[in-house]
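Understanding the architecture of this molecule
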2 protein chains.
Amino acid sequence: MAQPPSPASGSEPLTYQQAGVDYARIDPLKILAQQAAAATAPNLARHGLAEVAASRGESAYVVDCGEFYLASITECLGTKALVADQMRAITGRSYYDRIAQDTLAMAINDIITVGATPVSVHAYWATGGSDWFDDEARARDLVAGWRSACDACGVAWGGGETPALAGVVAEGRIDLAASCVGIVRPKSRLTLGEKLAPGDAIVLLASSGIHANGVSLARKLAERIGSGYGAELEDGTLYGDALLAPTTLYSPVTEALAAAGIVPHYSANITGHGWRKLMRHLGSFTYRIHTLPTVPPVLRFIEKQAGIDKREAYGSLNMGAGFALYVDRADAKRVVEIAASLGVRASIAGEVEAGARRVVIEPLGLTFAADELHVRA
Amino acid sequence: MAQPPSPASGSEPLTYQQAGVDYARIDPLKILAQQAAAATAPNLARHGLAEVAASRGESAYVVDCGEFYLASITECLGTKALVADQMRAITGRSYYDRIAQDTLAMAINDIITVGATPVSVHAYWATGGSDWFDDEARARDLVAGWRSACDACGVAWGGGETPALAGVVAEGRIDLAASCVGIVRPKSRLTLGEKLAPGDAIVLLASSGIHANGVSLARKLAERIGSGYGAELEDGTLYGDALLAPTTLYSPVTEALAAAGIVPHYSANITGHGWRKLMRHLGSFTYRIHTLPTVPPVLRFIEKQAGIDKREAYGSLNMGAGFALYVDRADAKRVVEIAASLGVRASIAGEVEAGARRVVIEPLGLTFAADELHVRA
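Residues numbered from 1 in each chain as written. Chains lettered and ligands numbered in written order. Predicted model: local features only at pLDDT ≥ 70, side-chain atom pairs only at ≥ 80, totals over all residues. Heavy atoms only, no water.

1. Some thoughts on the sheet that holds strand S12 (residues 358-361) of chain B
Residues and elements named next belong to chain B. Spelled out, the test is: We call two strands paired when DSSP finds no fewer than two bridges between them. Per the convention used, a helix needs a DSSP run of H or I reaching at least four residues, while a strand needs a run of E reaching at least two, with both numbered from the N terminus. For helices, the fitted line uses only the C-alpha atoms of the stretch in contact; every axis is such a line through C-alpha atoms, and the angle between N-to-C directions lies from 0 to 180 degrees. The contact criterion used throughout is that any non-hydrogen atoms of two residues lie within 4.5 Å.
Read from one edge to the other, the open sheet built from 7 strands follows the order S8-S10-S7-S11-S9-S12-S13, with strand pairing classed as mixed. In this open sheet, the two edge strands, each paired with only one partner strand, are strand S8 (266-269) and strand S13 (366-369). Going across the sheet, the axis of each strand differs from the next one's by a mean of 20 degrees, ignoring polarity. In the sheet, strand S9 (residues 285-289) pairs with S12 via 4 bridges, with the strands oriented parallel. Residue pairing across strands places Arg288 opposite Val360, the latter belonging to S12. Strands strand S7 (201-206), strand S10 (321-327) and strand S11 (346-354) of the sheet are contacted by helix H10 (residues 332-341), whose axis makes an angle of about 150 degrees with S11.

Right, here's the structure in full:
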């Protein structure tokens, strides 16, 4: 089944819009929703609580509960399960254990950015019909993968929903999401960026592959190359198999840092918008990268076969960096060591400088300006 | 457009299985997932926390955080938005303000059953494509309805997800869910049923209509009667309009009870399985109902047109009772008054007795036995 991919040379490069994701269309509603959401904050006063306003627009919402902060998040997997569905025909594996980890990682890797310890999660598994569960091997993989990701992150799986939604979810498909609740305790662990400062080191934690970001592009590419998901990467792995490497869970690292007394000044989960997310914080800082992490073979493959340039690649994919920690430069080496001790490759990749808000990737001669990232109203 | 419905006489009664919901198929996976979820509880010890084991299988998951309990939940709307989509063609209204309230009510009305004050919510709005948001009126209604339901419940809208999931969510559709975090404070507000006792009064809070439970059946019925959603009920309302009455939000009532110093001994949100949910608690109690609440016209219509008997109607629909409070009989009258003062009709409908676990609806001569309700592993 595995064949070398048909080269994409001569054809147009793939863009996100061609891949079916049109951010321009979603954004007005998103902004409207963000404004309406922000307007509900005063409701918390009825209960003697208050929101941490700086968390609006960050990756998780934070409420001040007096003794500690409460963080919460709901995150969607996206379309990655469609890759698993197609790969099953090629290899016979369900891959839903990996898909489960991907889904949980979306929530876990976001909630830890604010300094929270993830406490409990809920599963949202909406299918196109009850018959989705007739495939017992797949259902068991989904459950087993979900549980093992919970165990890896030390969270309790509190419950969830498994609705059959014919007419809403596409036939034969599953819409996967996860919600997570966390606590920030002691409150000094809160990392919303107040301490971010020039001179801080940027430590990048390695990704395992595409994670769950850029999958629409990856799927479109599979349609375009002759051998599809059966294409072989340079190391002999099937394209589809490599795409389905489960997303790295970073909470063991952030928990170990806390245990070692290291509180990052800021954190960013590198998902949509790729490395542009490195300037997620609104402060006037330049994020100068001097050392690039190794790019996973599957991302090199996509870059080459889709014919996208470095700007598009680093501006939309993780390119080997799944999570960014901004730490006191004196702590940087220990952060790398702690991550490595947990099996997560890490590198001191750059530093924070005073200056215009932008990301400068020196080895590539690339700069992303502030106006190239829009994640808040 | 409005016409009297074609009578369903002579045709077979509609069942849930015909309406596309096959609980038998979902349950094995659900049980597997519940067991795996329960096995993750020890993870909380790593963070100095512990789950409240009695909350497993209840409507919200509860974690003991020392100073207070933390409750969390993720809930799906189901297929009710499909009714709104079809009604738009008839009346030109989007109805998504109501749909937003329905979605939030699924989470809010569940989380309050454990005694929690809902604190923050996240929205999950997954569409079949970015073009869903091109309909600005509908998008604005969704946002406005979500905000107004948050305000009504005193919760902060923390954020959410608006993914475009072509190939996962059906084209032109939206998959709606809500997650909610709440706190139980003081801890004496926890209502997992330890205090439930013979002699307690059962107070039923009125529903506004079908809420979001039984919608598959209601949709199937619309296909079967000639005038569909345009059929007129006895009071002249269109069937579709009546179906889209937004779900009552019960948290103002439970918060007012707490403020008045009344802690229910138990609570049940009457959703799937209808009145069988009255015996949700696992204790050996007989729930004897002596007084029936008024049945909303839309539920009377469904009962009659679908040709279902009282057992099927009360065993699957709310039949006028959206929420049940089990309270000290000495408090029952005040509970009714407090609910009424907030615009929620309530009645002392029955009482808890020692005896086999079952629901006895005396005015109908109906009994639901314990083995007719399976909501836990």
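2. Here's the deal with the pattern of salt bridges
To keep it simple, the criterion reads: We define a salt bridge as a side-chain nitrogen of Lys or Arg found within 4 Å of a carboxyl oxygen belonging to Asp or Glu.
Summed over the entire model, instances satisfying the criterion amount to 38 salt bridges over all chains. We note a salt bridge from B:Arg147 to B:Asp151, for which the minimum N-O separation is 3.3 Å. Of this pair, B:Arg147 and B:Asp151 both sit in helix H4 (residues 136-153), 4 residues apart, which is roughly one turn of that helix. Linked through salt bridges whose partners overlap, the residues forming this network are A:Arg88, A:Asp135 and A:Arg138.

3. Side note on the relation of the copies chain A and chain B
Inclusion rule: Only residues with pLDDT of at least 70 in both copies count here: their C-alpha atoms drive the least-squares fit that superposes the copies.
Rotating chain A by 180 degrees and translating it 0.0 Å along the rotation axis places it on chain B, where the RMSD comes to 0.0 Å. Such values leave the two copies arranged in the relation of a two-fold axis. The residues that chain A uses at the interface reappear at the interface of chain B in 99% of cases, marking a shared surface.

4. As for the domain arrangement of chain A
Residues and elements named next belong to chain A. The line we're drawing: The domain limits used here are those given by an automatic or database domain assignment. N or O atoms closer than or at 3.5 Å make up a polar contact, with two conditions inside protein: a donor-capable atom paired with an acceptor-capable one, and, for residues adjacent in sequence, both atoms drawn from side chains. Residue type decides the class: Asp, Glu, Lys and Arg count as charged, Ala, Val, Leu, Ile, Met, Phe, Trp, Tyr, Cys and Pro as nonpolar, and the leftover types, Gly among them, as polar.
Entries for chain A in the domain assignment read domain 1 (43-189) and domain 2 (201-372). Summarising the inter-unit geometry, the C-alpha centres of domain 1 and domain 2 are found 21 Å apart. Contact residues are listed per partner, giving 33 residues for domain 1 and 31 residues for domain 2. Linking domain 1 with domain 2 are 3 salt bridges, by the criterion used here. Between Arg280 and Glu58 there is a salt bridge, with its nearest N and O atoms 3.9 Å apart. There are 16 residue pairs in polar contact (both at pLDDT 80 or more) connecting domain 1 and domain 2. Counting only elements with at least two residues in the side of domain 1 that touches domain 2, the list comes to helix H2 (80-91), helix H3 (96-111), strand S4 (117-127) and helix H4 (136-153). For the side of domain 1 that touches domain 2, the element with the highest residue contribution is H3, accounting for 9 residues. Broken down by class, the residue content of the side of domain 1 that touches domain 2 amounts to 17 nonpolar, 10 polar and 6 charged.

5. Quick look at unusual backbone geometry
All names here are of chain A. The peptide bond linking Arg185 to Pro186 adopts the cis configuration, its omega dihedral lying at 0 degrees. The topology assignment puts Pro186 in the loop between strand S6 (174-184) and strand S7 (201-206). Positive phi values are uncommon outside glycine, yet Tyr95 reaches one of about 70 degrees. Relative to the helices and strands, Tyr95 resides in the loop between H2 and H3.

6. Examining H10(B)
Three- or four-residue spacings in an α-helix give side chains the same orientation, since the helix completes a turn every 3.6 residues. All names here are of chain B. Quick note on the threshold: Buried, partly exposed and exposed residues are distinguished by accessible area as a fraction of the type maximum, computed with a 1.4 Å probe on protein chains only: under 20%, between the cut-offs, and over 50%, respectively. This arc is built from the directions going out from the helix axis to the C-beta atoms.
For H10, the full list of buried residues reads Ala332, Val335, Val336, Ile338 and Ala339. Buried residues along H10 cover an arc of 165 degrees about the axis, so they all sit on one side. Seen from the buried face of H10, the exposed residues on the opposite side, beyond 90 degrees, are Lys333 and Ser341. Those residues of H10 that are buried are in contact with S7, helix H7 (251-259), S10 and S11. Of the residues one or two after H10, Gly343 is the one with positive phi, at around 85 degrees.

7. Focus: the sheet that holds strand S5 (residues 156-161) of chain A
All names here are of chain A. Read from one edge of the open sheet, 6 strands run S1-S2-S3-S6-S4-S5, paired in mixed fashion. Looking at strand neighbours, the two that pair on one side only are strand S1 (50-51) and S5, the edges of this open sheet. When strand S3 (residues 69-76) meets S6, the two strands line up antiparallel, connected through 8 bridges. Residue pairing across strands places Ile73 opposite Cys180, the latter belonging to S6. Taken strand by strand, H3 contacts S3, S4 and S6, and its axis lies near 40 degrees from that of S6. Helix-sheet contacts for H4 involve S4, S5 and S6, and the interaxial angle to S4 is about 165 degrees.

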